[in-house]
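Descriptive structure summary
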Amino acid sequence: MAVSTDSPPPAPAGPTASPDGGRRRVIAMAVWGLAFVAAWFAIGLPTDPAYAFLWIWAGTVAWNSARPWRSHLRFARDWIPVVLLLAAYNLSRGFADNGATPHAMELIVADRFLTGWATGGEVPTVWLQQHLYDPAQVRWWDVLVSWIYFSHFVATLAAAAVLWMRNRQRWVGYMARWGFLCAAGLVTYFAYPAAPPWWAAQNGLLTEVARISTRGWKEIGMHGAGNLLNAGQIASNPVAAMPSLHTAFALFVVLFFLPSVRRRWWPLLLAYPLAMTFTLIYSGEHYLIDVLVGWAYVGMTFLVVGLAERWWRARRARRAGTPAAVTGVTAPAAGPDATPTADRDAVPAERR
């Protein structure tokens, strides 16, 4: 009978400490959080793309403070072109009207056609403000609306930052879709300058409509929270309402990650673009038709960019003279839930 002479495996020595975790991360994130809150009350919430980028970058540095500086500089290398494009996008919106009278009446007619049967012939913004808005009192839903409205300026960037840290190649697909969505919206602003409900009310096309997207912060003592946002609203182009990229961004983020999330969480995720829709219509920022067109643009974005990615992979496979099945690109990788290949520039995921 054979007798095994192999020595028993060594006893486990216990879990090894993560190079990125522990006390150092907790301290770094606490410092970042305190600095963010201080800047929030002194300057305002980060609604400008460049300002938001600086805070997101600082957050990634704090979270991965144990990693070498080269890793943090790689983040700036990848993101600075994105921030420059967003800044150019914001500036170019201001020239979309070209001095022409914006479209407004068509949007009013469209909203009355869509919802007039339930609102007594009013557009949804007017009906909601008649039932929920009190000029003399800020309600709890006004506070919630302000927070949901603010999330538009950081949610897409924050999701991209987390994605960059975990999988850079998937981040590239995310940014390609986001860039296409922004470009499609910008082209439409030039081709079809359209005004929001608050503008229509100011010009006598609707009954009184208040622009109330930031009023909720003052109720909880955050008088300076919307300083940057209010300044941006004053300087922004008032005729960039069609499509609503606010709600398009909200739906885009949810749909990108939806295939990788368990279905029991889908209703919670999908509640975000619906909440953004209510926020934009109630606060006088958009019509319902703006929202619906924004959703259609999201669908177009996933379709066009997905097809372009498939074409590019097939082209590379043909140029290499290798069948797609051999190169491993036959999987439906056009969607955001595709399993990405390894990327040499990707920051390794933290150990668990």
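Anything mentioned here points back to the structure above.
Here the structure is a predicted model, which means the values were calculated and not measured.

Cut-offs applied
Residues numbered from 1 in each chain as written. Predicted model: local features only at pLDDT ≥ 70, side-chain atom pairs only at ≥ 80, totals over all residues. Heavy atoms only, no water. Helix = DSSP H or I, 4+ residues; strand = E, 2+ residues; numbered from the N terminus. Buried < 20%, exposed > 50% of the residue type's maximum accessible area, 1.4 Å probe, protein only. Contact = heavy atoms within 4.5 Å. Areas by Shrake-Rupley, 256 points an atom, 1.4 Å probe, with all protein chains shown as cover. Polar contact = N/O pair within 3.5 Å; in protein donor to acceptor, adjacent residues only side chain to side chain. Expected span 1.5 Å × (residues − 1). Phe/Tyr/Trp six-rings, centres within 6.5 Å; stacked < 30°, edge-to-face > 60°. Salt bridge = Lys/Arg side-chain N within 4 Å of Asp/Glu carboxyl O. Core = buried A, V, L, I, M, F, W, Y, C linked by side-chain atoms within 4.5 Å. Axes fitted to C-alpha atoms, helices over the stretch in contact; angles between N-to-C directions. Parallel < 35°, antiparallel > 145°, perpendicular 65-115°, else oblique. Nonpolar A, V, L, I, M, F, W, Y, C, P; charged D, E, K, R; others polar.

Comments concerning the overall build of the protein chain
If you tally the helices and strands in the protein chain, you get 15 helices and 0 strands. Across the 352 residues that make up the protein chain, the buried fraction comes to 45%. Taking contacts inside the protein chain between residues at least 6 apart in sequence as the whole, the part at least 24 apart equals 80%. About 19,000 Å² of surface is accessible on the protein chain, with carbon and sulfur atoms providing 66% of the total.

Looking at the side chain of His286
Structurally, the position occupied by His286 is in the loop between helix 13 (266-282) and helix 14 (288-319). For His286, a relative accessible area of 5% gives the class buried. Side-chain polar atoms of His286 contact the side chain of Asp290, separated by 3.4 Å. With residues up to four places along the chain from it excluded, the contact list for His286 reads Thr125, Pro197, Ala240, Ala241, Pro243, Ser244, His246, Leu280 and Ile281.

Structural notes on helix 12 (residues 245-257)
Between its terminal C-alpha atoms helix 12 stretches 18 Å, which fits the 18 Å expected from 13 residues at 1.5 Å a residue. Helix 12 sits mainly inside the fold: 12 of its 13 residues count as buried. Leu245, His246, Thr247, Ala248, Phe249, Ala250, Leu251, Phe252, Val253, Val254, Phe256 and Phe257 are the residues of helix 12 that are buried.

Focus: the packing of aromatic side chains
For the coordinates displayed, the defined rule picks out 14 aromatic pairs. Each ring, one from Tyr174 and one from Phe252, has its centre 5.0 Å from the other, and the planes form 50°; the classification is tilted. In this pair, Tyr174 sits in helix 8 (residues 168-191) while Phe252 sits in helix 12, placing the two residues 78 residues apart along the sequence. Neither residue differs from the other here; Tyr174 and Phe252 are each classed as buried. Between the aromatic rings of Tyr174 and Phe257, the centroid separation amounts to 6.0 Å while the plane-to-plane angle is 45°, which identifies the pairing as tilted. Here Phe257 lies in helix 12 and Tyr174 lies in helix 8, a separation of 83 residues in the sequence. For the pair Tyr174 and Phe257, one class covers both residues: buried.

Some words on the pattern of salt bridges
Taken as a whole and judged by the stated rule, the model has 5 salt bridges. Note that Asp78 is salt-bridged to Arg77, the shortest N-O span being 3.1 Å. Between Glu309 and Arg177 there is a salt bridge, and its shortest N-O distance comes to 2.9 Å. Note that Glu309 is positioned in helix 14 and Arg177 in helix 8, a separation of 132 residues in sequence. One network of salt bridges, in which partners are shared, links Arg77, Asp78 and Arg168.

What to know about the side chain of Thr60
Relative to the elements of secondary structure, Thr60 occurs in helix 2 (residues 49-63). Of the residues examined, Thr60 reaches a relative accessible area of 7% and is grouped as buried. Separated by 2.6 Å, the side chain of Thr60 and the backbone oxygen of Trp57 make a polar contact.

Structural notes on helix 8
Its 24 residues give helix 8 an end-to-end C-alpha distance of 34 Å, which sits within 8% of 34 Å, the value for a rise of 1.5 Å per residue. N-cap assignment for helix 8: the residue whose side-chain oxygen lies 3.2 Å from the backbone N of Gln169 is Asn167.

Points about the nonpolar core
Trp79, Trp171, Tyr174, Trp178, Leu181 and Phe252 are the most contacted members of the largest nonpolar core, which has 36 residues in total. Mapped by element, the contributors of at least two residues to this core are helix 2, helix 3 (69-93), helix 7 (155-166), helix 8, helix 12 and helix 14. The greatest single-element share of this core, amounting to 9 residues, is contributed by helix 8. Formed by 16 residues, the second largest nonpolar core is a distinct cluster that contains Val123, Ala195, Trp199 and Leu206.

Considerations on the packing of helix 7 against helix 8
For the pair helix 7 and helix 8, the least separation of the axes is 6 Å and the interaxial angle reads 155°. By the angle between their axes, helix 7 is roughly antiparallel relative to helix 8. Residue-level contacts link Thr156, Leu157, Ala159, Ala160, Leu163, Trp164 and Arg166 of helix 7 to Arg168, Arg170, Trp171, Tyr174, Met175 and Trp178 of helix 8. Here the residues of the contact of helix 7 with helix 8 are counted per class, giving 9 nonpolar, 1 polar and 3 charged.

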